[in-house]
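Observations on the model geometry
What follows is the residue order along each chain.
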Amino acid sequence: MRSFLLIMFLMALTTSLAAADTHKGEQDRTTSFSDEASRILGRHRWRGSLSCKEHRNLCKLPRSPGPTCCGKLCVDLKTNLFNCGRCGVQCKFAEACCKGKCLNPFHDDENCGGCGKKCSKGSHCRFGMCSYA
């Protein structure tokens with residue numbers, strides 16, 4: 001019983017440390033994008049928030065959220081739920097944006113449970129899982 005509790009504790013500790021590292025990486029990526037954008041905009045007289053509408057090159061910076069400017073935001077048209085395939089195309093509830101197309105990952109054999117997760121031959125996607133039933 002003691003060894004079981006020790007194993008459970010170690011698993012919980014490992015999971016929480018992995019989650020903390022992932023979150024830290026996201027913060028670093030956002031910070032470095034902001035730093036890079038600040039350097040570029042520092043060359044100009046500038047007031048206001050960062051916007052790709054006025055500064056088109058912001059979306060082309062390394063670690064930008066996406067290469068396309070939709071409205072005032074840099075987005076990736078291949079994965080953005082509110083700009084799927086082109087600016088302004090919004091996916092419906094329970095749909096995912098996969099390679100620029102809105103689809104339902106709960107019933108799509110080519111994207112079962114997520115983008116690019118194809119069911120094997122003879123199985124079909126049911127509720128986001130491939131099954132042979």
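What comes next is a walk through the structure. Since the structure is predicted, the reported quantities are computational estimates derived from the model, not experimental observations.

Before going further, it helps to spend a moment on the state of the cysteines. For the structure on display, the rule yields eight disulfides. A sulfur-sulfur distance of 2.2 Å marks the disulfide that ties C59 to C74. Linking C59 and C74, the disulfide has an S-S dihedral of approximately -90° and is accordingly described as left-handed. Note that C59 is positioned in the loop between α1 (2-42) and β1 (68-70) and C74 in strand β2 (residues 73-75), a separation of 15 residues in sequence. Assigned by exposure class, C59 and C74 land together as buried. Linked covalently through their sulfurs, C98 and C115 form a disulfide whose S-S length is 1.9 Å. Handedness of the C98-C115 disulfide follows from its S-S torsion of about -80°: it is left-handed. Of this pair, C98 sits in strand β3 (residues 96-98) while C115 sits in the loop between β4 (101-103) and β5 (124-126), and the two are 17 residues apart along the sequence. C115 sits in the partly exposed class, given a relative accessible area of 45%.

All right, on to the nonpolar core then. With six residues, the main nonpolar core is built from C52, L58, C59, L61, C69 and C74. When neighbours within four sequence positions are excluded, C52 is seen to be in contact with L58, C59, C69, G71, K72, L73 and C74.

Turning to the pattern of salt bridges, a few remarks are in order. The tally for this structure, following the rule as stated, stands at one salt bridge. A salt bridge links K118 to E110; the nearest nitrogen and oxygen atoms lie 3.8 Å apart. Here K118 falls in the exposed class, since its relative accessible area comes to 57%.

Thresholds applied
- Residues numbered from 1 in each chain as written.
- Predicted model: local features only at pLDDT ≥ 70, side-chain atom pairs only at ≥ 80, totals over all residues.
- Heavy atoms only, no water.
- Disulfide = S-S within 2.5 Å.
- Helix = DSSP H or I, 4+ residues; strand = E, 2+ residues; numbered from the N terminus.
- Buried < 20%, exposed > 50% of the residue type's maximum accessible area, 1.4 Å probe, protein only.
- Core = buried A, V, L, I, M, F, W, Y, C linked by side-chain atoms within 4.5 Å.
- Contact = heavy atoms within 4.5 Å.
- Salt bridge = Lys/Arg side-chain N within 4 Å of Asp/Glu carboxyl O.

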